[in-house]
Structures are given as structure tokens and as C-alpha cells.
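# A look at the structure
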Amino acid sequence: MSIDKPFQGLGLGLEEEGNSSSAKEKIEQLRKEIDKHNHSYYIENNPTISDKEFDMLLKQLERLEEKYPQYDDPNSPTHRVGKDLITSFESFAHKRPMLSLANTYNFDEVRAFYQRCQKALDFRPFHIVAELKFDGVSIALTYEDGRLVQALTRGDGIVGDDVTSNVRTINSIPLVLRQGETPFPHHLEVRGEIILPYAEFDRLNREREDSGDPLFANPRNAASGTLKTLNTREVRRRKLDAFLYYALSDKGLPTSHYQRLDLLQQWGFKVSTHRQLCADEDSIHTFIQEWDEKRHALPYATDGVVLKVDEVPFQEELGATAKSPRWAIAYKFETERVASKLQRITFQVGRTGVVTPVANFEPVLISGSMVRRATLHNADFMTSLDLREGDTLFIEKGGEIIPKVVSVDLSQRIRGAKPIDFTQVCPDCGTPLTRKEGEVAIYCPNQWGCPTQVKEGLLHFCGRKAADIRLGKETIEALYNKKLALTIPDLYSLTAEKIALLEGYKEQATHNLLHSIDHSRQRPFHAILFGIGIPYVGEGTARLLTAHFESIDKLATAGLEEICQVEGIGEITAHAIVDYFAVPKNQKMIDRLKEAGLNLKEKETPKSTGGRFYGKSIVISGVFKQHSRQEYEAMIIANGGKSVGSISKKTAFILAGDSMGPSKKEKALSLGIEMITEEQFLSLLSSNQEEV
């Protein structure tokens with residue numbers, strides 16, 4: 001469809017909006033068209049257009065109604081959330097409306113949403129929780145005293161269908177909540193998404209194909225149809241799953257949405273671990289980009305990222321329109337599927353040694369560009385597809401960026417076609433491949449001798465979020481080929497004479513490169529740790545590690561148990577860290593980086609016995625007005641203290657903001673720990689008063 005004229009070809013005649021005489025006719029025509037698609041989607045569970053086409057229709061109607069308010073109608077599709085009511089189920093009103101989220105397909109609108117929140121909140125600090133958007137069926141679960149009493153579909157947002165009997169068959173939804181450190185409230189509503197995993201979706205469609213029944217179009221339709229099935233035994237057989245992502249109660253919940261998700265996990269709910277607390281637009285953008293690619297390896301369907309203001313008081317302050325909350329937005333990925341014939345499978349090795357199979361197929365046009373290759377992710381994914389020579393593949397291009405193979409058209413398979421096996425040796429250096437127990441990935445273990453691993457490792461180290469050395473892929477290739485940089489420390493042995501051997505490097509370019517290398521010696525410890533490329537240690541993980549371990553030496557000598565004690569570090573990552581520092585060549589590389597003068601220690605804040613909070617463990621809890629939580633943490637550290645997350649007998653005091661969690665308050669009172677306001681805290685810092 002044309003971007004400039006999005007409704008051309010739909011028979012709506014909406015290429016121009018300026019003709020006032022035909023405005024009423026266009027508005028009425030749009031309403032009828034949207035109502036028709038709404039019925040197909042919500043009532044018949046049989047969508048006739050894509051989500052993007054539907055959203056564009058709705059936005060076009062919104063623009064026309066804004067331009068011609070005299071034609072507004074309370075029954076217009078723009079005034080409702082949607083409707084999926086089936087008369088075979090009893091309907092009940094939601095205690096709180098289940099609004100739909102405003103959708104966007106580009107990051108400029110995400111940026112606009114973020115800036116609207118900033119302005120509406122008078123630029124007070126706030127956070128955004130980025131979560132995956134599950135492609136399933138919305139559900140609202142009600143618990144009384146920890147027991148499931150009702151499950152309602154969203155319906156029209158005001159009234160939903162009671163599907164409690166069917167929901168009880170879903171193993172991932174607790175019927176009785178688990179007792180956790182924080183007690184659950186008397187009345188609790190939990191909202192989420194019921195989904196059908198890909199494996200079950202494929203199984204159901206194979207069964208339907210064998211019996212001659214029409215196939216489900218996608219996992220979402222299958223989940224919706226299953227949830228509306230009157231036979232609960234059949235519902236259970238189809239093995240629905242669920243992720244929960246929002247909690248509501250009149251009392252007993254934290255004022256942080258992110259912390260509420262943690263509580264839901266504590267009480268036995270299945271909550272996605274793929275979420276992030278973002279402090280700025282860049283981190284939001286990074287999360288979206290990351291999951292636009294990583295979602296392909298998930299065992300269930302996701303169609304975007306949901307962004308929510310974390311601070312619940314701010315959510316209430318921002319409020320909602322008639323259709324959607326102002327404190328949340330959904331960024332949706334785009335998907336297009338085409339078919340092409342497989343020509344061959346090649347294998348490529350990456351920076352960490354992971355070997356990835358790649359499908360090479362006949363060129364095909366997807367989202368405006370020709371595509372010839374697509375990743376097959378890993379050996380397990382290849383096995384699941386059961387690829388054979390000459391197969392016809394279904395290919396999608398997520399977010400108009402990454403092509404991927406999603407399935408095989410078995411009806412086109414050549415009889416007797418030979419299966420395609422995963423390679424046994426590295427495609428670059430020929431080293432026999434290995435597979436670690438419990439991991440999906442297959443590795444080339446030749447970390448120091450595999451050309452691709454070495455070059456990709458150098459490129460990663462030079463990245464903006466790592467050492468920030470201005471070297472591109474072609475220059476690194478040239479440095480490697482001339483044996484001027486075979487390891488990361490070799491970069492710090494480069495001279496003007498050596499760089500002059502590279503094609504295109506004149507005096508100024510050489511000066512700039514040497515200056516960039518020299519400047520990298522001042523990069524923070526966490527950036528260098530991220531850059532050296534320890535498996536599973538991303539930018540965020542590096543920050544967690546360097547906050548706990550003050551130097552590379554302390555991290556290198558830490559045991560598995562000590563590393564696992566760092567909040568946010570799992571056992572797999574801890575094993576990878578221990579294994580990395582156990583390799584003599586890695587130890588030697590670290591020694592050479594020290595000799596080169598890199599910063600391999602966390603910049604210490606002076607801690608003298610004169611610091612007001614020297615040696616004190618302080619808990620921060622609640623919502624603050626004058627400074628952010630991060631700013632208060634920095635103040636505590638700068639004054640010799642330590643900001644900790646949980647209350648114990650060792651806690652010196654609690655910096656208590658508004659809406660402090662009742663469980664923390666109760667524990668503080670039981671232990672006799674003093675709670676001070678932010679005004680008292682700031683007064684304490686600005687006076688000669690003794691620390692608490």
C-alpha cells in the first residue's frame with residue numbers, strides 16, 4: 001500500500017480530506033468499513049485486513065472527525081475500544097475499564113509519546129518499563145484472598161465474557177496464589193495475555209489438516225477460538241499459556257509498575273523476564289531494536305513492545321482518553337510473509353564463536369527490498385523445520401529489517417529429498433565444533449585463531465558503548481590482514497608508521513585514530529568490561545558487575561557463588577565469567593590492557609570516616625518529589641554509604657518517599673529501623689548533623 005495515499009485501493013476515496021462537501025460521506029463510509037473489520041476480528045475471529053491497515057483506517061477517521069467536529073458521533077468506532085462478545089458466554093462489567101493501547105509503527109511516535117509524558121509531568125524524573133507485546137487474547141483475572149474467582153475477556157472494554165471455567169484449565173495461571181515475602185492484597189485483579197505457543201499451534205494445525213478442518217491463521221486466532229470453546233476438556237488439550245503484565249488493587253501494592261511485576265512472580269504468576277526499566281529515549285530505542293531481532297527465537301508470538309510509565313502515581317496523573325491510557329503506548333513490529341525455494345544452507349561464525357546456519361534461497365521481494373538469505377538461528381531451529389534439499393520456505397521480514405525463515409511449505413516438498421545436517425566444523429577456520437551442556441548454541445572453540453571471531457571481537461571492542469575507538473569494519477579487516485592487530489591489546493601498539501601502511505590513511509586521519517585510541521584509556525571500567533566480549537556480559541550486566549567488583553582483578557578472582565550474589569546476574573552468566581578468566585590467554589590479554597593504561601577499576605568515590613553515611617546500609621523506598629531514586633543513591637554513595645534494596649537488622653535507616661510499600665514499612669517498624677523523609681535527608685546532608 002502507498003504510504004502517501006494509504007487507503008488507495010481500498011475503495012474509500014480518501015486521497016484528499018480537504019473537500020468539505022464530501023466530508024460527511026467519507027466519515028460515514030469509514031465508520032461502516034471499520035465496523036465491518038471490527039466484527040470480523042472480534043466477533044468472528046477472522047480478520048480480513050492487517051493490524052496496520054486497520055489502525056491506519058482508524059487514524060484517518062480520527063483526523064476527519066477532528067477536522068469536522070460537527071459530524072462527531074458517540075457511536076463512532078473512535079469512541080470505543082473494540083468488542084469480542086459471544087452470546088454463548090455470560091457477560092459481566094469490568095470493575096475498571098480495560099482500555100486498548102495506542103499503536104505506533106515508528107520510533108518518532110515513540111519519541112513523541114515520551115516527550116508528551118515529560119511535558120505533562122513538568123519534567124519530573126520518571127521511568128519507562130519496556131515489555132514485550134504478546135500476540136494473544138487479553139484477560140482479566142480476579143482473586144479474592146488469593147483464590148481465583150473470575151476470568152473475564154476484554155470484550156468491549158466495559159463488559160467482558162466470563163471464561164473462568166476455561167481459564168482454570170491453563171496450567172500457567174495459578175488457582176491459588178503462593179505466599180511470598182510480601183502478602184497479596186485481599187482483592188487483586190491481574191491482567192495479561194493468553195497465548196498459544198508455536199509448538200502447540202503447529203500441532204493443532206497438523207491435526208486440523210489431517211481431519212480436513214480449516215487451519216488457524218495464526219496463534220492469536222487459535223488462542224481466541226480456544227478460549228471461546230465450550231468444551232473445557234478440549235481447551236485443556238490445546239495447552240494454552242499465559243503471561244501476566246499488570247496488577248490492580250485498592251491497597252497493598254508498590255507504586256512502581258516494575259516492582260508490581262516482581263510481586264506477581266513472587267505470588268506464582270508467569271511474568272515475562274524480557275522487560276527493562278528505561279531511564280531515557282536511547283534505552284527505549286535499544287530495547288525495541290534488540291527485541292525486533294531476538295523475538296524471532298522466542299517460542300511464542302510477539303508483535304511489538306509495550307511502553308508504560310513505571311511510577312503508578314504518575315500513571316494516575318497522566319490519566320486516559322476515552323480509548324487508551326496516556327501513560328502507555330504499543331510499538332508494533334511489521335511482518336510480511338512470502339515463499340521462496342531453498343538453494344543451499346551455509347554456516348557463519350560470530351564474535352562469540354556461535355555458529356549460525358543461513359538459508360540461501362531464490363531472490364524474493366519483501367517490504368520493498370530483495371532478500372536472498374535469512375538466518376536459521378541454531379541447530380535446534382533447523383531440526384524443528386526438518387529442512388530438506390529443494391524445500392520451499394516461508395520467509396518473513398520483521399520490522400522491515402531482519403528476514404527470517406518461519407516454516408516449510410510441506411505441500412511443495414520433493415519426495416525423497418535428502419535432509420540437511422548441521423556442519424560439524426567451523427566454516428571459517430575448520431575447527432571441530434562444540435556444544436555446551438544445556439545450551440542451544442553450537443560453538444567454534446578457536447577463540448584466538450578463528451579469523452572471524454578475532455575481527456568481530458576487535459570491532460565490538462571499538463564500539464561506541466565500549467572503548468569508543470573510531471575504527472570501522474574495513475579498517476579492522478586491513479589491520480588484521482597486515483597482522484597489525486590480532487588481539488585487542490595490539491590496538492594500543494599502533495603507531496603513525498604502522499597506520500601509514502593502511503590504504504587511505506593520511507596525516508589527519510592517522511592523528512584522529514591515534515587520538516581516539518588514546519582517549520579510550522579514559523573510558524569507564526564498565527565500558528571496557530563490556531568491550532572485551534565476555535559471553536552474556538552485555539552493557540547492562542557490565543554495569544552491575546563493576547558496581548559490585550571494584551576492579552578487574554576482583555572480578556577475575558571471584559568465585560561462582562560470589563558472582564551469583566550480584567543482583568541481576570544469573571548462573572549461566574556467572575559460569576561464563578568464571579570460564580573466561582580461567583583461560584590463560586584471556587588473563588594475558590587483561591595484563592596487556594593494564595600495561596596499556598586502560599581503566600580497569602571502578603572510579604572510586606572518596607570514602608573517608610568523615611562521610612555522613614560511612615559504612616551505613618540505607619534503603620530507599622517510595623516516590624520522591626525533589627530528586628530521583630538514582631540521584632539519592634548517588635548522594636548516599638558519595639557520602640560513604642551503600643544503597644541496598646532490602647531491609648535487615650543491618651539497615652541504618654530508610655529514606656522513605658510517598659507511597660512506601662506497606663510490607664517494608666511493617667518490617668522497618670518490627671526491626672525498629674528509623675524512617676526519614678526526603679526533606680530530613682536533604683537537611684541532614686546540608687547541615688553538620690551527625691548521621692542517623
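Residues numbered from 1 in each chain as written. Predicted model: local features only at pLDDT ≥ 70, side-chain atom pairs only at ≥ 80, totals over all residues. Heavy atoms only, no water.

## Topic: the sheet that holds strand β11 (residues 328-332)
The strand order across the open sheet built from five strands is β2-β11-β10-β3-β9, with neighbouring strands paired in mixed fashion. The strands lining the two open edges of the sheet, one partner per strand, are β2 (103-104) and β9 (275-278). Two strands pair when backbone bridges link them, and strand β3 (residues 128-134) and strand β10 (residues 302-309) are joined in this way by seven bridges, in the antiparallel orientation. Directly across from Phe 134, in β10, lies its bridge partner Thr 302. Sheet strands in contact with helix α8 (residues 257-266) are β3, β9 and β10, and its direction is about 155 degrees off that of β9. (Pairing = 2+ DSSP bridges. Helix = DSSP H or I, 4+ residues; strand = E, 2+ residues; numbered from the N terminus. Contact = heavy atoms within 4.5 Å. Axes fitted to C-alpha atoms, helices over the stretch in contact; angles between N-to-C directions.)

## As for the nonpolar core
In this structure, Phe 461, Ile 469, Leu 491, Tyr 492 and Ile 532 are the most contacted members of the largest nonpolar core, which totals 48 residues. Counting residues per element, the ones that place at least two in this core are α12 (451-461), α13 (473-481), α15 (507-519), α16 (525-531), α17 (539-548), α18 (552-557), α20 (571-581) and α21 (584-595). Those residues within four positions of Tyr 492 in sequence are excluded, and the remaining contacts are Phe 461, Ala 467, Ile 469, Ile 517, Ser 520, Arg 521, Leu 593, Ala 596 and Leu 598. (Core = buried A, V, L, I, M, F, W, Y, C linked by side-chain atoms within 4.5 Å. Buried < 20%, exposed > 50% of the residue type's maximum accessible area, 1.4 Å probe, protein only.)

## Topic: the pairing of β10
Among the eight residues that make up β10, eight are buried, leaving the element largely enclosed by the rest of the structure. For β10 and β11, the ladder comprises five bridges, and the chain directions are antiparallel. Bridge pairing links Val 305 to Tyr 331 in β11.

## Remarks on the pattern of salt bridges
In a structure, side chains of opposite charge can pair up when their charged atoms sit close to one another. The full count for this structure, using the stated rule, is 32 salt bridges. Note that Arg 111 and Asp 108 form a salt bridge whose closest N and O atoms lie 3.0 Å from each other. Remark: Asp 108 and Arg 111 occur in helix α3 (residues 107-120); sequence separation between them is three residues, near one turn of the helix. What makes Arg 111 partly exposed here is its relative accessible area of 30%. Residue class for Asp 108 comes out exposed when judged on its relative accessible area of 55%. (Salt bridge = Lys/Arg side-chain N within 4 Å of Asp/Glu carboxyl O.)

## Some points on the packing of α12 against α13
Direction vectors running N to C along α12 and α13 enclose 130 degrees, while the axes themselves pass 10 Å from each other. Judged by the angle between their axes, α12 and α13 are oblique. Judged by the twist between their axes, the crossing of α12 over α13 is right-handed. Across from Pro 451, Val 454, Lys 455, Glu 456, Leu 458 and Leu 459 in α12, the residues of α13 making contact are Lys 473, Ile 476, Glu 477 and Tyr 480. Here the contact of α12 with α13 is composed, by residue class, of six nonpolar, no polar and four charged. (Parallel < 35°, antiparallel > 145°, perpendicular 65-115°, else oblique. Left-handed = near helix turned anticlockwise from the far one by under 90°. Nonpolar A, V, L, I, M, F, W, Y, C, P; charged D, E, K, R; others polar.)

## Some words on the packing of aromatic side chains
In the structure shown here, the tally under the stated rule is 14 aromatic pairs. Between Phe 134 and Phe 243, the ring centres sit 4.4 Å apart and the planes meet at 0 degrees, which makes this aromatic pair stacked. One end of the pair, Phe 134, is in strand β3; the other, Phe 243, is in strand β8 (residues 241-248), and 109 residues separate them in sequence. Owing to a relative accessible area of 6%, Phe 134 belongs among the buried residues under this scheme. On the basis of relative accessibility, which here comes to 5%, the residue Phe 243 falls in the buried class. Seen in terms of ring centroids, Phe 461 and Tyr 492 are 6.4 Å apart; in terms of plane orientation they differ by 80 degrees. Their pairing is edge-to-face. (Phe/Tyr/Trp six-rings, centres within 6.5 Å; stacked < 30°, edge-to-face > 60°.)

## A short note on unusual backbone geometry
In the Ramachandran plot, Asp 122 falls in the positive-phi region, its phi being about 55 degrees despite a non-glycine side chain. Along the chain, Asp 122 turns up in the loop between α3 and β3. Judged by its relative accessible area of 59%, Asp 122 is exposed. Positioned with a positive phi, Asp 468 is a non-glycine residue whose angle comes to about 60 degrees.

## Things to note about the sheet that holds β8
As a general point, the strands of a sheet are linked pairwise by backbone hydrogen bonds and lie either parallel or antiparallel. Reading across from one edge, β5-β4-β7-β8 is the order of the four strands in this open sheet, with antiparallel pairing throughout. Among the strands making up the open sheet, the edge pair consists of β5 (147-153) and β8. Averaged over all neighbouring strand pairs, the angle between strand axes comes to 30 degrees, with direction disregarded. Sheet strands in contact with helix α6 (residues 219-227) are β4 (137-144), β5 and β7 (187-195), and its direction is about 45 degrees off that of β4. With respect to the sheet, α8 is in contact with β7 and β8, its orientation differing from that of β8 by roughly 130 degrees.

## Structural notes on the side chain of Asp 161
With respect to the helices and strands, the residue Asp 161 is situated in strand β6 (residues 159-161). Accessibility expressed as a relative area gives 0% for Asp 161, which makes it buried. Side-chain polar atoms of Asp 161 contact the side chain of Ser 91, separated by 3.1 Å. (Polar contact = N/O pair within 3.5 Å; in protein donor to acceptor, adjacent residues only side chain to side chain.)

## Remarks on helix α9 (residues 281-294)
In a regular helix each residue adds 1.5 Å, so 14 residues correspond to 20 Å; α9 covers 20 Å between its end C-alpha atoms and thus fits that length. If you check which residues of α9 are buried, you get Ser 283, Ile 284, Phe 287, Ile 288, Trp 291 and Asp 292. N-cap assignment for α9: the residue whose side-chain oxygen lies 3.3 Å from the backbone N of Asp 282 is Asp 280. (Expected span 1.5 Å × (residues − 1).)

## Description of the packing of α3 against α9
Direction vectors running N to C along α3 and α9 enclose 145 degrees, while the axes themselves pass 11 Å from each other. Crossing of α3 against α9: the hand is right-handed. Here Phe 107, Val 110, Arg 111, Tyr 114 and Gln 115 of α3 lie close against α9, whose contacting residues are Glu 281, Ile 284, His 285 and Ile 288. Across the contact of α3 with α9, the residue classes tally to five nonpolar, two polar and two charged.

## Concerning the confidence of the model for the protein
Per-residue pLDDT for the protein averages 83, and the proportion of residues at 70 or more is 84%. Predicted confidence is poor over residues 1-17, with pLDDT under 50, and the contacts of this stretch with residues over four places away or in other chains come to 31 contacts. For residues 80-87, every residue scores under 50 in pLDDT, and the model assigns this stretch 36 contacts once sequence neighbours within four places are set aside. (pLDDT = per-residue confidence, 0-100.)

## Points about α8
Within α8, burial applies to His 257, Arg 260, Leu 261, Leu 263 and Leu 264. Mapping the buried residues of α8 onto a view down its axis gives an arc of 160 degrees, with all of them on the same face. Where α8 is buried, its residues meet β3, β7, β8, β9, β10 and α10 (312-318). The backbone nitrogen of Tyr 258 has a side-chain oxygen 3.3 Å away, supplied by the residue at the start of α8, namely Ser 256. Note on α8: the residue one or two positions beyond its end, Gly 268, has a positive phi of about 105 degrees. (Arc of directions from axis to C-beta.)

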